Amino acid sequence: ALHDEKYEHVIELCDQAIQADASSTNIYLMHVKKAKALNKLHRYTEAIENADSAITIYPRKEEAYLAKVDALFNLGREEELTVVLEEIESINPHT
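Residues numbered from 1 in each chain as written. Predicted model: local features only at pLDDT ≥ 70, side-chain atom pairs only at ≥ 80, totals over all residues. Heavy atoms only, no water.

Chemist: Whenever I open this one, helix α3 (residues 44-57) confuses me. Can you help?
Modeler: Note: α-helices contain 3.6 residues per turn, so residues at a spacing of three or four share the same orientation. End to end, α3 covers 20 Å across 14 residues, agreeing with the expected 20 Å (1.5 Å per residue, within 8%). Buried residues of α3: Y44, A47, I48, N50, A51, A54 and I55, and no others. In a view along the axis of α3, the buried residues occupy a sector of 165°, so they form one face of it. Buried residues belonging to α3 abut α2 (24-40) and α4 (62-75). (Helix = DSSP H or I, 4+ residues; strand = E, 2+ residues; numbered from the N terminus. Expected span 1.5 Å × (residues − 1). Buried < 20%, exposed > 50% of the residue type's maximum accessible area, 1.4 Å probe, protein only. Arc of directions from axis to C-beta. Contact = heavy atoms within 4.5 Å.)

See the structure below:
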């Protein structure tokens, strides 16, 4: 339960930062951090939404895709998971 409170706090801080900061780099990072925290709380659909928001900002950075992979895996959405893994491989073929 203590960990859940910590992740909820991270989510709140990310929401505040997203609203307050116009910097796309910071907004990207906050969406990724929020997606990771949502995954920890098993809120996978919300995690995917935040990962997608981050991907829209920087489609060539892997970190948001990895948060999305985590959520899709936990939801058992194998077809979508395969597509995302292929996207990651196209971004960085050495992964």
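After that view, the rundown keeps rolling.
Chemist: Could you clarify how one ought to interpret the nonpolar core in this entry?
Modeler: One recurring pattern in soluble globular proteins is that nonpolar side chains are buried together. With 24 residues, the main nonpolar core has A64, Y65 and V84 as its most contacted residues. For this core, the elements supplying multiple residues, two or more each, are α1 (2-20), α2, α3, α4 and α5 (78-91). Setting aside its immediate chain neighbours within four residues, A64 contacts Y28, V32, A51, A54 and I55. (Core = buried A, V, L, I, M, F, W, Y, C linked by side-chain atoms within 4.5 Å.)

Chemist: Just to check I follow, could you spell out the packing of aromatic side chains for this structure?
Modeler: Within a pair of aromatic rings, the relevant descriptors are the distance that separates the centres and the angle that separates the planes. Applying the stated criterion to the full structure yields one aromatic pair. Directly above the ring of Y58 sits K61, whose terminal nitrogen or CZ lies 4.5 Å from the centroid. (Phe/Tyr/Trp six-rings, centres within 6.5 Å; stacked < 30°, edge-to-face > 60°. Lys NZ or Arg CZ within 6 Å of the ring centre and 35° of its normal.)

Chemist: Would you take a moment to explain the packing of α4 against α5 for this structure?
Modeler: Helix-helix packing: each pair is described by the crossing angle between the helix axes and the interaxial distance. With their axes 9 Å apart at the nearest point, α4 and α5 run at an angle of 160° to one another. Judged on the interaxial angle alone, α5 and α4 are roughly antiparallel. Relative to α5, α4 is oriented so that their crossing is left-handed. Contacts between α4 and α5 involve E62, Y65, L66, K68, V69, L72 and F73 on the former and, on the latter, E80, L81, V84, L85, E87, I88 and I91. For the contact of α4 with α5, the residue count by class is 10 nonpolar, no polar and four charged. (Axes fitted to C-alpha atoms, helices over the stretch in contact; angles between N-to-C directions. Parallel < 35°, antiparallel > 145°, perpendicular 65-115°, else oblique. Left-handed = near helix turned anticlockwise from the far one by under 90°. Nonpolar A, V, L, I, M, F, W, Y, C, P; charged D, E, K, R; others polar.)

Chemist: Explain the side chain of K68 to me, please; I cannot follow it from the model alone.
Modeler: Tracing the backbone shows K68 in helix α4. Residue contacts for K68: discarding those within four places in its chain leaves I48, A51, D52, I55 and V84.

Chemist: In this structure, what is going on with the confidence of the model for the protein chain? I would like to understand it.
Modeler: For any part of a model where pLDDT is low, the fine detail of the predicted coordinates should not be relied upon. Averaged over every residue, the pLDDT of the protein chain is 92; the share at 70 or more is 97%. For the protein chain, per-element mean pLDDT is lowest for α1, which scores 89, and highest for α3, which scores 97. (pLDDT = per-residue confidence, 0-100.)

Chemist: Whenever I open this one, the environment of Y44 confuses me. Can you help?
Modeler: Turning to its location among the elements, Y44 is positioned in helix α3. Here Y44 falls in the buried class, since its relative accessible area comes to 12%. C-alpha of Y44 to C-alpha of I27: the two residues are 17 residues apart in sequence and 20 Å apart in space.

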